[in-house]
Amino acid sequence: MTDSVEANVNVHSRPSELKITDMRVVNLRGAPFRSTIIRLDTNQGICGYGEVRDGGSETYALMLKSRLIGENPCNIDKIFRKIKQFGHHARQAGGVCGIEMALMDLAGKAYGVPAYQLAGGKFRDRILCYCDTPSERKGSDMGKRLKERIENGFGFLKMDVGIGLLRDTEDTLIAPPEMLRTNEIMHPFTGIQITDKGIDLLCQYVAEVREEIGYQVPLAVDHFGHIGVESCIRLGKALDQFSLAWYEDMIPWQFADQWQRLAESVDTPVCTGEDIYLKEGFMPLFERRAIAVAHPDLASSGGILETKKVGDLAQDHGIAMALHMAMSPIAALASVHCAAATENFMVLENHSVDQLDQWSSLVEGLPVPLIEDGHIAVPEGPGLGFTDLNEEVIKAFVDADNPGIFESTERWDNEGAHDRLWS
Ligand SMILES: [Mg+2]
């Protein structure tokens, strides 16, 4: 007999008796960076997929395996609360977030509903994508590359404009000795300043881009370089004339007071968030109204449900949410379900536009290319919406330095500690 909860749903399995039995991984390289696909197996033959963030480590997920075995994956929030103490900002969140994606995939498959339904339903049927585009030295060349993106259907663009374009030109940057050779020092502490000549050259660069692409399509800008907030404000004011969609990560997200000063000094939306873990990490920025666009990467911010909460909190403060994303279709689809379920969502990033067919083919059961006319259609299948991984394409992307494909992870079965955070 089915219980009352299951009586009216499409039961692909017995959700109340579902248990996690194993976690296995495969490491990818070039899709588009380095990331780890995780697979959670169960006692009922269904499995769920998630992804550890680009630049992370399989260890971040595997160290949590023993904490998942025997749990019912449909208890997503309960498991998330158990493991979120093992995540932190940026890549260190990769294990917790990848597991959350896999739990959402599994719970969706168990109940026969798409992941967005588990997050409260959807606000839209297609998710607008923006494409990152590698830099060109000349603004006119950059403009031509971006124009190709528009011709391929993209209606939202991003490019880099920063001190990297000025390094070879005298009198554009002032910097303490050696400081231009490292990017390991946070912006407020480098002492690097941009000169009027440097600002003029960057304005000329953006003017050449706008000359090519016009003003119909939003264009966001990233990677300004490690300059202090005063240089950011001078550069930002000079670039305001080009009505850019946002200035991204001009300063590190940790400095909420500096973000507030920046936001109040320029007339272009300012944006950060791709390295922030959990909604609490965003709150100092939200409370100060220090950004116009929150930009979580749900493989760092806490997965689908937590990132919807980030979006809802942003909305309460009059802030939009865009999503950072530089991984395989698995994380992209997790982002799509979150974007579908979050009202103030604006646009989702994609880094694989120049290899879109092969990238899209990593998963089966969805259109290739996954992005059509600049959008990803929200899948209606259970869980994340794809039916399986494509083994051949997985093999093509497998990391040659760590080439095992879903091999035994038995050595992680007994990892453990006294996890309680209080006495
Ligand atoms: Mg960025």
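Scroll up to find the structure.
An account of the accompanying structure is given in this report.

Quick notes on the rules
- Residues numbered from 1 in each chain as written.
- Predicted model: local features only at pLDDT ≥ 70, side-chain atom pairs only at ≥ 80, totals over all residues.
- Core = buried A, V, L, I, M, F, W, Y, C linked by C-beta atoms within 7 Å.
- Buried ≥ 20, exposed ≤ 12 C-beta atoms within 10 Å, placed from the backbone.
- Helix = DSSP H or I, 4+ residues; strand = E, 2+ residues; numbered from the N terminus.
- Domains from an automatic or database assignment.
- Contact = placed C-beta atoms within 7 Å.
- Arc of directions from axis to C-beta.
- Axes fitted to C-alpha atoms, helices over the stretch in contact; angles between N-to-C directions.
- Parallel < 35°, antiparallel > 145°, perpendicular 65-115°, else oblique.
- Left-handed = near helix turned anticlockwise from the far one by under 90°.
- Nonpolar A, V, L, I, M, F, W, Y, C, P; charged D, E, K, R; others polar.
- Pairing = 2+ DSSP bridges.

1. A few points about the nonpolar core
Then step 1. Membership of the largest hydrophobic core comes to 128 residues, with the highest contact counts inside it found for Ile38, Val270 and Ile291.
Then step 2. When residues of this core are assigned to their parent elements, the largest contribution, eleven residues, is made by helix H5 (residues 94-111).
Then step 3. Both of domain 1 (12-114 + 390-412) and domain 2 (118-383) provide at least three residues apiece to this core.
Then step 4. The residues touching Ile38, leaving out its near neighbours within four places in the chain, are Met23, Val25, Tyr49, Gly50, Glu51, Val52, Ala61, Gly98, Ile99 and Ala102.

2. A word on helix H10 (residues 256-265)
Spacing of three or four residues puts side chains on the same side of an α-helix, whose turn is 3.6 residues.
Then step 1. Three or more residues of H10 are buried, namely Gln258, Trp259, Leu262 and Ala263. Each buried residue of H10 sits inside an arc of 135 degrees when the element is viewed along its axis, so together they form one side. Exposed residues lying more than 90 degrees from the buried face of H10 are Asp257 and Glu264.
Then step 2. Looking at the buried residues of H10, the elements they touch are helix H9 (229-239), strand E10 (270-272) and helix H11 (278-287).

3. Things to note about unusual backbone geometry
Then step 1. Here Ala31 and Pro32 are connected by a cis peptide whose omega angle stands at -5 degrees.
Then step 2. Looking at the secondary structure, you find Pro32 in the loop between strand E1 (20-29) and strand E2 (34-42).
Then step 3. With an omega of -5 degrees, the peptide bond between Val368 and Pro369 qualifies as cis.
Then step 4. For Pro369, the position within the fold is in the loop between strand E14 (363-364) and strand E15 (371-372).
Then step 5. Of note in the backbone geometry, Leu278 takes a positive phi value of approximately 70 degrees without being a glycine.
Then step 6. Inspection of the secondary structure assignment puts Leu278 in helix H11.

4. Some thoughts on the packing of H11 against helix H13 (residues 303-316)
Then step 1. Two elements in contact, H11 and H13, have axes whose closest approach is 9 Å; the angle formed by their N-to-C orientations is 15 degrees. In terms of axis orientation, H11 runs roughly parallel to H13. Seen from above, H11 lies across H13 with right-handed handedness. Along its contact with H11, which presents Leu278, Lys279, Phe282 and Phe286, the element H13 presents Glu306, Lys309, Val310, Leu313 and Ala314.
Then step 2. When grouped by side-chain class, the residues that make up the contact of H11 with H13 number six nonpolar, no polar and three charged.

5. Examining the environment of Ala90
Then step 1. With respect to the helices and strands, Ala90 occurs in the loop between helix H4 (76-83) and H5.
Then step 2. Among the residues examined, Ala90 registers 18 C-beta atoms within 10 Å and is labelled partly exposed.
Then step 3. Residue contacts for Ala90: discarding those within four places in its chain leaves Asp275 and Ser300.

6. Here's the deal with the pairing of E2
Then step 1. Of the strand pairs in this sheet, E1 and E2 are connected by nine bridges, and their pairing is antiparallel. Bridging from a neighbouring strand, Leu28 pairs with Ser35 of E2.
Then step 2. Connecting E1 to the next strand, E2, in antiparallel fashion are four residues, including Gly30 with a positive phi near 95 degrees.
Then step 3. Pairing analysis gives six bridges linking E2 to strand E3 (residues 47-52), with the strands arranged antiparallel. Looking at E3, one finds that Asp41 is bridged to Cys47.
Then step 4. Linking E2 back to E3 in an antiparallel pair, the connection comprises four residues, with Gly45 at a positive phi of about 85 degrees.

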